[in-house]
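Notes for the structure review
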Amino acid sequence: MPTLIDGRAVADRILADVKERAAALVARRGRPPGLAVVLVGEDPASRAYVRSKAKTCAALGFYSVKHELPADTTQEALLALVETLNLDPLVDGILVQSPLPKGLDESAVVHALDPAKDVDGFHPMNVAKLALDDPTGFAPCTPLGCQRLLLEAGVETSGARVVILGRSLIVGKSLALLLMQKGQGADATVTVAHSRTRDLAAVTRDADVVVAAIGRPRTLRAEHVREGAVVIDVGINRVDDPSDKRGYRLVGDVDFDAVAPQCRAITPVPGGVGPMTIAMLMQNTLKAYGQRTEG
Ligand code: NAP
């Protein structure tokens with residue numbers, strides 16, 4: 001049987017460590033780390049994410065402020081709020097929950113963020129720092145969480161062949177940059193596959209580690225994975241399930257039942273990468289706080 005990589009347990013340990021380090025810094029610097037979350041519109045999944053971020057902030061003793069704006073908010077109003085938060089001395093991290101309602105320019109909003117408060121890691125300055133191996137930048141939280149899970153599960157990435165399915169900035173492309181850096185939890189030989197990749201199974205079967213981040217339920221099947229591989233499933237997909245009281249359940253991009261028996265280790269969905277994303281957000285917020293209050 002494969003090892004089940006328990007993201008919830010790892011995330012809990014990271015959050016306990018963040019809480020302890022934050023408390024030590026607060027004693028010296030006089031105020032807690034602060035995270036501002038901006039939610040525009042009514043998307044239920046986004047609402048749930050924002051709620052859980054606020055709850056986690058409270059559990060860690062962070063200051064958190066939530067701005068909920070209606071779906072018809074103008075671009076100007078949203079940019080004005082970002083500017084206010086950029087200037088707020090109690091706010092170390094700003095997160096504008098994605099996706100924004102139609103009509104709002106997400107890229108312009110990301111460009112408007114102070115890069116020193118961009119704890120999501122999407123500002124061009126932070127993307128450049130990631131590509132340049134500059135540790136003062138902020139890497140996106142989900143790829144950071146995937147890397148940390150591999151480390152915590154004792155998976156050797158140095159020299160390993162890693163195939164990542166998906167080339168988005170939020171996951172695939174950023175994870176590729178992280179894993180090809182030099183150092184611990186990196187030094188991998190990385191291949192990034194996407195919807196135009198020819199003979200996907202031939203590419204993924206060659207991998208020691210496969211990361212699926214494509215947003216299509218149960219797409220990575222047994223024939224894609226070689227015996228003894230490690231599989232990280234980033235996907236979060238709702239599939240209809242009349243037996244569940246919500247009418248749906250969450251599944252990953254990996255056909256877990258078919259793939260797991262031949263893996264050395266695999267993440268479940270839910271309870272794998274998901275909890276790590278929020279833990280890394282808190283870690284990035286503490287890092288921003290540390291950088292902004294040092295000296
Ligand atoms: P995205 O922006 O839609 O990107 C999907 C990527 O997958 C694209 O690069 C696409 O290729 C590629 N792709 C689609 N079908 C494919 C196939 N059959 N074979 C190979 N590649 C294929 O999605 P995303 O934002 O990266 O998210 C991916 C998944 O991760 C989603 O399920 C999302 O919910 C989940 N997610 C989870 C977390 C978390 O906290 N756990 C965070 C973020 C995202 P092209 O570029 O050619 O179109």
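Residues numbered from 1 in each chain as written. Predicted model: local features only at pLDDT ≥ 70, side-chain atom pairs only at ≥ 80, totals over all residues. Heavy atoms only, no water.

**Describing the site of the ligand**
Around the ligand there are 20 residues in total, and Arg167, Ser168, Ser195, Arg216 and Thr277 lie nearest to it. One of the side-chain nitrogen or oxygen atoms of Ser195 is found 2.5 Å away from an oxygen atom of the ligand. A distance of 2.7 Å separates an oxygen atom of the ligand from a polar atom in the side chain of Thr277. When the free accessible area of the ligand is taken as 940 Å², the share hidden by the protein chains comes to 71%. Sort the elements by how many residues they give to the shell around the ligand and helix 10 (residues 273-293) lands first, with three residues. Along the lines of polarity and charge, the residues of the shell around the ligand split into eight nonpolar, 10 polar and two charged. (Near = heavy atom within 4 Å. Polar contact = N/O pair within 3.5 Å; in protein donor to acceptor, adjacent residues only side chain to side chain. Areas by Shrake-Rupley, 256 points an atom, 1.4 Å probe, with all protein chains shown as cover. Helix = DSSP H or I, 4+ residues; strand = E, 2+ residues; numbered from the N terminus. Nonpolar A, V, L, I, M, F, W, Y, C, P; charged D, E, K, R; others polar.)

**Things to note about the side chain of Thr285**
With respect to the element layout, Thr285 can be found in helix 10. Here Leu281 takes part through its backbone oxygen, which lies 2.8 Å from a polar atom of the side chain of Thr285. When near neighbours in sequence (up to four residues on either side) are disregarded, Thr285 contacts Pro33, Gly34, Leu35, Phe62, Asp92 and Val119. (Contact = heavy atoms within 4.5 Å.)

**Brief notes about the state of the cysteines**
Under the definition given, this model contains zero disulfides. Free of any disulfide, Cys57 has its nearest cysteine sulfur in Cys141, 12 Å distant. Given a relative accessible area of 1%, Cys57 falls into the buried group. With no disulfide of its own, Cys263 has Cys146 as its nearest cysteine by sulfur position, at a separation of 15 Å. (Disulfide = S-S within 2.5 Å. Buried < 20%, exposed > 50% of the residue type's maximum accessible area, 1.4 Å probe, protein only.)

**A closer look at the nonpolar core**
For soluble globular proteins, the rule of thumb is that nonpolar side chains tend to be buried together. With 51 residues, the main nonpolar core has Phe62, Val211, Ile232, Val234 and Met282 as its most contacted residues. Element by element, the count of residues in this core is highest for helix 10, at 10 residues. If sequence neighbours within four positions are ignored, Val234 has contacts with Thr142, Cys146, Val171, Val211, Ala212, Ala213 and Val273. (Core = buried A, V, L, I, M, F, W, Y, C linked by side-chain atoms within 4.5 Å.)

**Brief notes about the sheet that holds strand 2 (residues 34-40)**
Ordered in space as 3-2-4, the three strands form an open sheet in which the pairing is parallel. Strand pairing shows two members of the sheet lacking a second neighbour, strand 3 (63-69) and strand 4 (93-96), which therefore form its edges. Across the sheet, the mean angle from the axis of one strand to that of its neighbour is 15 degrees, orientation sign disregarded. Sheet topology places strand 2 next to strand 4; four bridges connect them, and they run parallel. Bridge pairing links Val38 to Val96 in strand 4. Contacts between helix 3 (residues 75-87) and the sheet are confined to strand 2, strand 3 and strand 4, with strand 2 contributing the most and set at about 175 degrees to the helix. (Pairing = 2+ DSSP bridges. Axes fitted to C-alpha atoms, helices over the stretch in contact; angles between N-to-C directions.)

**Description of the environment of Leu15**
Relative to the assigned elements, Leu15 resides in helix 1 (residues 7-29). A C-alpha to C-alpha distance of 27 Å links Leu15 and Ile164, two positions 149 residues apart in sequence.

**A look at the sheet that holds strand 1 (residues 3-4)**
Taken in spatial order, the six strands of this open sheet run 1-11-8-7-5-6, and their pairing is parallel. Because the sheet does not close on itself, it has two edges, and the strands there are strand 1 and strand 6 (189-193). Bridge analysis of strand 1 against strand 11 (residues 263-266) gives two bridges, and the strand direction is parallel. By the bridge assignment for strand 11, Leu4 is matched with Ile266. This element, helix 7 (residues 172-179), spans strand 5 (161-165), strand 6 and strand 7 (209-212) of the sheet and lies at about 165 degrees to strand 5.

**Focus: the packing of aromatic side chains**
Considering all chains together, one arrives at zero aromatic pairs under this definition. Positioned above the aromatic ring of Tyr248 is the side chain of Arg246, whose terminal nitrogen or guanidinium carbon lies 4.7 Å from the ring centre. Over the ring of Phe138 we find Lys287, and its NZ or CZ is 5.3 Å from the ring centre. (Phe/Tyr/Trp six-rings, centres within 6.5 Å; stacked < 30°, edge-to-face > 60°. Lys NZ or Arg CZ within 6 Å of the ring centre and 35° of its normal.)

**So, unusual backbone geometry**
Omega for the bond connecting Ser98 with Pro99 falls within 30 degrees of zero, at 0 degrees, which places this linkage in the cis form. Tracing the backbone shows Pro99 in the loop between strand 4 and helix 4 (106-112). With an omega of -5 degrees, the peptide bond running from Val269 to Pro270 counts as cis. Here Pro270 is to be found in the loop between strand 11 and helix 10. A positive phi angle, near 60 degrees, is found at Asp133, a position not held by glycine. Assignment of secondary structure puts Asp133 in the loop between helix 5 (124-131) and helix 6 (141-152). One non-glycine residue, Asp199, adopts positive backbone phi at about 45 degrees. Here Asp199 lies in the loop between strand 6 and helix 8 (200-204).

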